[in-house]
Amino acid sequence: MLAALSEHGPGSRVDLGRRTGLSSSAISALTQELLAEGLLDERPDSRQERRRGRPAYLLSLRAPEGVVAGIDIGNTHIRVAVGEVRGPVLAERCVPLARAQEPEDALRRAATLVGETLAEAGHDLGDVRIAVVGVPVPLDERTGRVADNNIFPLWVGRQPGVELGDLLGYQGGHLGGDPGGTRLVVENDANLGALGEQRHGAGATGDASPTSGSLVYLKLATGIGAGLVLGGRLFRGEGGTAGEIGHVQVDPAGVLCRCGSRGCLETVVSVPRLLSALAPVTRDDLDADELGRLVREGHPGAVRVVADAGRTVGQVLASLVTVLNPGLLLVGGHLASVNELLAEHVASAVQHWAQPAAAARVVVRASTLGERSEVLGALALAGDLAVEHQRHLLVPR
């Protein structure tokens, strides 16, 4: 029963009978025993009608005690949130980051902000069950090392999860070396953005198509990446680098890319390229926030370069839509005005270039969580891992 609830989520007694093959009397007896031991929670199921005057009830695994932490290290910011396991956010802080390309400085500031956010929430590191840190670089899923060809060369080959853990007092991935203590997990930021939107943003609003358990989250910043949720689960690929659409070639004779190829998408439409294209009609020191302001004000040059970028990205994503058939395609990042304009033109390109049946099923829109997508995704993943850890303790394999 515990394994069925962990694998498939909350369910009624009838659901559990179907999932486990146990009789109704066995389900009833086990339910009473597990409720008495404090391993299950029970609540009315508001989605079902009353039957014979009695409401239906849903059973679920009781969330572990303690809190979880989400850490988002971006190109220009660090954001930390602390929340209950599968519960509300208790505290959240964000600070600007000027030197994300220097890993020591970024990780040291992240460690400091974790302590400050925990203190604001009334907790310390010993209360944290799982901490998930998101970084804006591709990762080797097996080792947690930063892969080659990313926007921060000084991060290549490093293990940001291990290094941050050392700053927080971890040993062997656990606080103080205690296997029962806090675990720290590292993940790509676009993957976390996808998970955050699926759980708390556009994927959870009910506005998308019925297939929104499969979604693509595009993050356009200094680099370009995509997070993929397929069948309700993150898809990382064989080596953990799925979604690196910034290195899809769009111009075989184009600019040389840091990956060694020419004309990659990132060399055409990343934020630095958009700012460079605008320099002749604005000024050389334009930054991303000012680009957002210009778009909001309707500056014709700014609107044009963002619209062109949306069409170019959309043509690449059209192939992804055709192959994966997602229900939702989200354009994310911290500039809401830019995201909305990008999404408009991405949608137009997808409708034009994708296979018609797949294009008809996908909803394209700007992300609803904005700059919080990644940190809320980190909290969601941390909650999942905490519950999974509890399930393995209860149901050893």
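Just so it is clear, the model here is predicted, and its values are computed rather than measured. (Residues numbered from 1 in each chain as written. Predicted model: local features only at pLDDT ≥ 70, side-chain atom pairs only at ≥ 80, totals over all residues. Heavy atoms only, no water.)

As for the overall build of the chain
Scanning the chain from N- to C-terminus turns up 13 helices and 14 strands. Over its C-alpha trace the chain gives a radius of gyration of 23 Å, about what one expects of a compact globule, namely 21 Å for 397 residues. Taking the principal axes of the C-alpha coordinates as reference, the chain spans close to 75 × 50 × 35 Å. Within the span of the chain, comprising 397 residues, buried residues form 49% of the whole. Nonlocal contacts in the chain, meaning residues at least 24 apart in sequence, comprise 60% of its contacts between residues at least 6 apart. If the 38 positive side-chain charges of the chain are averaged to one point and the 46 negative ones to another, these points end up 6 Å apart. (Helix = DSSP H or I, 4+ residues; strand = E, 2+ residues; numbered from the N terminus. Rg over C-alpha atoms; globule rule 2.2 N^0.38 Å. Buried < 20%, exposed > 50% of the residue type's maximum accessible area, 1.4 Å probe, protein only. Contact = heavy atoms within 4.5 Å. Lys, Arg positive; Asp, Glu negative; His and termini not counted. Charge placed at Lys NZ, Arg CZ, Asp CG, Glu CD.)

Topic: the side chain of Thr117
Looking at where Thr117 falls in the secondary structure, it is placed in helix α4 (residues 103-120). Judged by its relative accessible area of 0%, Thr117 falls in the buried class.

A short note on the sheet that holds strand β14 (residues 363-366)
Reading across the sheet, the five strands line up as β12-β11-β10-β13-β14 and stay open at both edges, with mixed pairing between neighbours. Among the strands making up the open sheet, the edge pair consists of β12 (233-234) and β14. Taken together, the two bridges between strand β11 (residues 224-230) and β12 define a ladder with antiparallel strand orientation. By the bridge assignment for β12, Leu230 is matched with Arg233. Along the sheet, helix α10 (residues 300-324) makes contact with β10 (215-220), β11 and β13 (328-332), crossing β10 at roughly 160°. (Pairing = 2+ DSSP bridges. Axes fitted to C-alpha atoms, helices over the stretch in contact; angles between N-to-C directions.)

A closer look at helix α9 (residues 288-296)
Residue pairs spaced three or four apart in an α-helix point in one direction, given the helix's 3.6 residues per turn. For α9, the complete set of buried residues consists of Ala288, Glu290, Leu291, Gly292, Leu294 and Val295. In this structure, the buried side of α9 is in contact with α8 (271-278), α10 and α11 (336-353). Its side-chain oxygen placed 3.3 Å from the backbone nitrogen of Asp289, Asp287 serves as the N-cap of α9. Just downstream of α9, Gly298 is the residue with a positive phi angle, here 80°. (Polar contact = N/O pair within 3.5 Å; in protein donor to acceptor, adjacent residues only side chain to side chain.)

Brief notes about the state of the cysteines
In the structure shown here, the tally under the stated rule is zero disulfides. Here Cys257 is not cross-linked by a disulfide; its sulfur's nearest cysteine counterpart is in Cys259, at 3.7 Å. Judged by relative accessible area, which is 7%, Cys257 ranks as buried. Here Cys264 is not disulfide-linked; the sulfur of Cys259 is the nearest cysteine sulfur, at 3.6 Å. (Disulfide = S-S within 2.5 Å.)

Some words on the environment of Arg262
Note that Arg262 resides in the loop between β12 and α7 (266-269). Between the C-alpha atom of Arg262 and that of Asp251, which follows or precedes it by 11 residues, the distance is 7.0 Å. With near-sequence residues (within four places) excluded, Arg262 lies in contact with Gln249, Asp251, Pro252, Gly254, Val255, Leu256 and Cys257. In this structure the side chain of Arg262 is engaged in a polar contact, spanning 3.1 Å, whose partner is the backbone oxygen of Gly254.

Description of the packing of α10 against α11
Two elements in contact, α10 and α11, have axes whose closest approach is 7 Å; the angle formed by their N-to-C orientations is 45°. Considering their axes alone, α10 and α11 lie oblique with respect to each other. Crossing handedness for the pair α10 and α11: right-handed. Of the residues in α11, those in contact with Val303, Val306, Ala307, Ala309, Gly310, Arg311, Val313, Gly314, Gln315, Leu317, Ala318 and Val321 of α10 are Val338, Leu341, Leu342, His345, Val346, Ala349, Val350 and Trp353. (Parallel < 35°, antiparallel > 145°, perpendicular 65-115°, else oblique. Left-handed = near helix turned anticlockwise from the far one by under 90°.)

So, the pairing of strand β6 (residues 128-135)
Across the eight residues that make up β6, a large majority, seven, are buried. In this structure, strand β3 (residues 67-73) lies alongside β6, joined through six bridges in parallel fashion. Bridging from a neighbouring strand, Val67 pairs with Val128 of β6. With six bridges joining them, β6 and strand β9 (residues 183-188) adopt parallel strand pairing. The residue of β9 that forms the bridge with Val133 is Val186.

With respect to the confidence of the model for the chain
Mean pLDDT over the chain: 88, with 91% of residues reaching 70 or higher. Predicted confidence is poor over residues 174-179, with pLDDT under 50, and the contacts of this stretch with residues over four places away or in other chains come to 15 contacts. Here residues 207-211 is a poorly scored stretch, pLDDT under 50, and it has 11 contacts once near neighbours within four places are set aside; other chains count. (pLDDT = per-residue confidence, 0-100.)

Structural notes on a nonpolar patch on the surface
There is a patch of nonpolar side chains on the surface, built from Val248, Val250 and Val268 and spanning about 180 Å² of accessible area. As for its placement among the helices and strands, Val248 is situated in the loop between β12 and α7. (Patch = residues over 30% accessible without salt bridge, like charges linked within 9 Å, V, L, I, M, F, W, Y side chains within 5 Å. Areas by Shrake-Rupley, 256 points an atom, 1.4 Å probe, with all protein chains shown as cover. Salt bridge = Lys/Arg side-chain N within 4 Å of Asp/Glu carboxyl O.)

Some points on the pattern of salt bridges
Two side chains carrying opposite charge are able to pair once their charged atoms lie near each other. Tallying each qualifying case throughout the model produces 22 salt bridges. A salt bridge links Asp41 to Arg62; the nearest nitrogen and oxygen atoms lie 2.8 Å apart. Of this pair, Asp41 sits in strand β1 (residues 40-44) while Arg62 sits in the loop between β2 (57-61) and β3, and the two are 21 residues apart along the sequence. For Asp41, a relative accessible area of 30% puts it in the partly exposed group.

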